[in-house]
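Here's the letter readout for the chains.
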Amino acid sequence: MTSPETNSAGTAGNGAEDITVVHLMRHGEVENPEGILYGRLPGYHLSELGRKMAERVAEHLASRDVTYVCASPLERAQETATPIAKAHGLDLATDGRLIEADNVFQGKTFGVGDGALQRPENWKHLVNPFRPSWGEPYVDQVVRMKGALDAARDQARGHEAVLVSHQLPIWIVRSYVERRRLWHDPRKRQCTLASLTSFTYQGDKIVSVGYSEPAIDLVPAHLRAGAKPQKGKGTAQGKAFGA
């Protein structure tokens, strides 16, 4: 079902249903020197590099037929979406369904041997990776993210929409649409910082999913999809439980 990022939306010929593209964008890099798994905590903003990523994607999408821009309520998502909305002369909308997945390790450093995993009292949260037992169930993420996608489709019908969200919810709803199991190896998520996962609708039905990385040259190698986790404080942040 995966295809290259769709180049344009609009109405298909011969009386066919409207073609609408909804881009799910992951936010840019966050200022987080302590390596905290920030989750839904307030106060975490884009770094200088993250702002450059946001501007790069805004430039990439400037010529596109974007008529609706919406973001998670968290600061990093709002700041990522702002230059995109500005480039199209649009007000930025907010949808709570786009928020990061809930996580019991929020506010802690997370790593093997140097963080929350070292403490036996936390091991009970790791017993069921299929649900998962450490946070918001995957099926709940699918329900809210699919709802946000469909709402954006309705807002931008026949055009394009951009929704800024977070790694894990984006990957989970993509996995659902592409009919993959929801539990997975976090290291294999294809959802790099400032990437676009693009859902093309024909009428109300998703007919293809594309993926692109307009700011990949700005993304540090160790934060790219498939990169091996580095040893040190908070190293699994952004890998094991999303960001």
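Here, every reference points to the structure presented above.
Remember, predicted model here, so these are calculated numbers, not experimental data. (Residues numbered from 1 in each chain as written. Predicted model: local features only at pLDDT ≥ 70, side-chain atom pairs only at ≥ 80, totals over all residues. Heavy atoms only, no water.)

Participant: Can you break down the overall build of the chain residue by residue, with the values?
Facilitator: Across its full length, the chain carries four helices and eight strands. Starting at the N terminus and ending at the C terminus, the chain contains elements arranged as β-β-β-α-β-α-β-α-β-α-β-β. Restricting the contact set of the chain to residue pairs at least 6 apart, pairs at least 24 apart contribute 71%. Surface accessibility of the chain: about 10900 Å² in total, with carbon and sulfur atoms responsible for 50%. (Helix = DSSP H or I, 4+ residues; strand = E, 2+ residues; numbered from the N terminus. Contact = heavy atoms within 4.5 Å. Areas by Shrake-Rupley, 256 points an atom, 1.4 Å probe, with all protein chains shown as cover.)

Participant: Before we move on, can you summarise the packing of aromatic side chains with the specific residues and values?
Facilitator: The tally for this structure, following the rule as stated, stands at one aromatic pair. Over the ring of Trp183 we find Arg181; its NZ or CZ atom is 3.8 Å from the centre of that ring. (Phe/Tyr/Trp six-rings, centres within 6.5 Å; stacked < 30°, edge-to-face > 60°. Lys NZ or Arg CZ within 6 Å of the ring centre and 35° of its normal.)

Participant: I'd like a description of the pattern of salt bridges, backed by residues and values.
Facilitator: What the rule picks out here adds up to 14 salt bridges. The partner of Arg64 in a salt bridge is Glu160, with the nearest N and O atoms 3.3 Å apart. Of this pair, Arg64 sits in the loop between helix H1 (48-61) and strand S4 (66-71) while Glu160 sits in strand S6 (residues 160-165); the two residues are 96 residues apart in sequence, bridging distant segments of the chain. Judged on exposure class, the residue Arg64 and its partner Glu160 are both buried. With a closest N to O distance of 2.9 Å, Asp95 and Arg97 form a salt bridge. Taking the relative accessible area as the measure of exposure, Asp95 reaches 13% and is therefore buried. Residues joined in a network through salt bridges with shared partners are Lys146, Asp150, Arg153, Asp154, Arg157 and Asp204. (Salt bridge = Lys/Arg side-chain N within 4 Å of Asp/Glu carboxyl O. Buried < 20%, exposed > 50% of the residue type's maximum accessible area, 1.4 Å probe, protein only.)

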